[in-house]
Amino acid sequence: MPPVVQMRSVVLDCPDPRALADFYAGVLGGTVTAEDDTWVTLEAPGGHRIAFQQAPGYAPPDWPSADSNSQQFHLDFDAGSTWEALEEAQEKVLALGARPLDLDDDGGKRDWRVYADPAGHPFCLCRIDHS
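Only a predicted model underlies this, so the values are computations on that prediction, with no experimental measurement involved.

### Observations regarding the packing of aromatic side chains
- A full pass over the atoms with the stated rule returns 7 aromatic pairs.
- Ring geometry for Phe 23 and Tyr 24: centres 5.0 Å apart, planes at 80°, overall edge-to-face.
- A residue is classified by how much of its surface remains accessible, and Phe 23, at 3% relative accessible area, is buried.
- Take Tyr 24: its relative accessible area is 0%, and that puts it in the buried class.
- Clustering of aromatic rings is evident, with ring pairs tying together Phe 23, Tyr 24, Phe 52, Phe 77, Tyr 115 and Phe 123.

### Concerning helix H1 (residues 17-28)
- Its 12 residues give H1 an end-to-end C-alpha distance of 16 Å, which sits within 8% of 16 Å, the value for a rise of 1.5 Å per residue.
- Residues Pro 17, Leu 20, Ala 21, Phe 23, Tyr 24 and Ala 25 constitute the buried set of H1.
- Positive backbone phi, approximately 85°, marks Gly 29, located one or two places after H1.

### Quick look at the nonpolar core
- Core analysis: the largest hydrophobic core is formed by 24 residues, its most contacted members being Leu 12, Leu 20, Tyr 24, Leu 42, Phe 52, Phe 123 and Leu 125.
- Per-element accounting of this core gives the leading share, 5 residues, to H1.
- Contacts of Leu 20, omitting those with residues within four sequence positions, involve Leu 12, Cys 14, Phe 52, Asp 117, Pro 118, Ala 119 and His 121.

### Some thoughts on the pairing of strand E5 (residues 75-78)
- Only one face of E5 is buried: it carries Leu 75 and Phe 77, and the other face, with Asp 76 and Asp 78, is open.
- Bridge count for E5 against strand E8 (residues 122-126) is 4 bridges, and the pairing is parallel. In the sheet register, Leu 75 faces E8, and the bridge partner there is Phe 123.

### Re the environment of Ala 89
- If you trace the backbone, Ala 89 turns up in helix H2 (residues 83-96).
- Ala 89 sits in the buried class, given a relative accessible area of 18%.
- Through-space distance from the C-alpha of Ala 89 to that of Cys 126 is 9.7 Å; in sequence the pair is 37 residues apart.
- Here Ala 89 is in contact with Ala 79 and Leu 125, once residues within four sequence places are set aside.

Calculation notes
Residues numbered from 1 in each chain as written. Predicted model: local features only at pLDDT ≥ 70, side-chain atom pairs only at ≥ 80, totals over all residues. Heavy atoms only, no water. Phe/Tyr/Trp six-rings, centres within 6.5 Å; stacked < 30°, edge-to-face > 60°. Buried < 20%, exposed > 50% of the residue type's maximum accessible area, 1.4 Å probe, protein only. Helix = DSSP H or I, 4+ residues; strand = E, 2+ residues; numbered from the N terminus. Expected span 1.5 Å × (residues − 1). Core = buried A, V, L, I, M, F, W, Y, C linked by side-chain atoms within 4.5 Å. Contact = heavy atoms within 4.5 Å. Pairing = 2+ DSSP bridges.

Following this line, the structure appears as C-alpha cells:
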C-alpha cells in the first residue's frame, strides 16, 4: 500500500525552543535554524528533523506516570553496541544538561537508560547489538 503522507518532523513543546534545539544538536549533531523565538528546527544527520515549539505554561511530563501529566511519547537513541559506548554517551548527554531519570540496567539485563532533556522530555540511550 502506498503511503498517504511522509513524515516531516517530530515536534516537542518546550519553554525555550532555541535552548532545547541546541541541546539536541549537541546530542545528535546537525544544523539548528530558527523561524522566530517560538519555532526552532534541528536538521539532524540521516535526514531526521526535530522541531521545538514554544508552549506557554509548559509543564514537563512525569516519568513514569499514567496520570494527568504523563508522558505522551519519548525518544530512543542508539548509543552503540557496548556498555562502554553507552557509558560514554551517558557522560556526554549529562554534560550537555540531561538529567538522569532511571539508570538501573538491572545488572546488564536491561539495554537502556532513561534521561530527561533540559525541558523535562524523557529520552533513552539504548545499547543496540549491531551484529
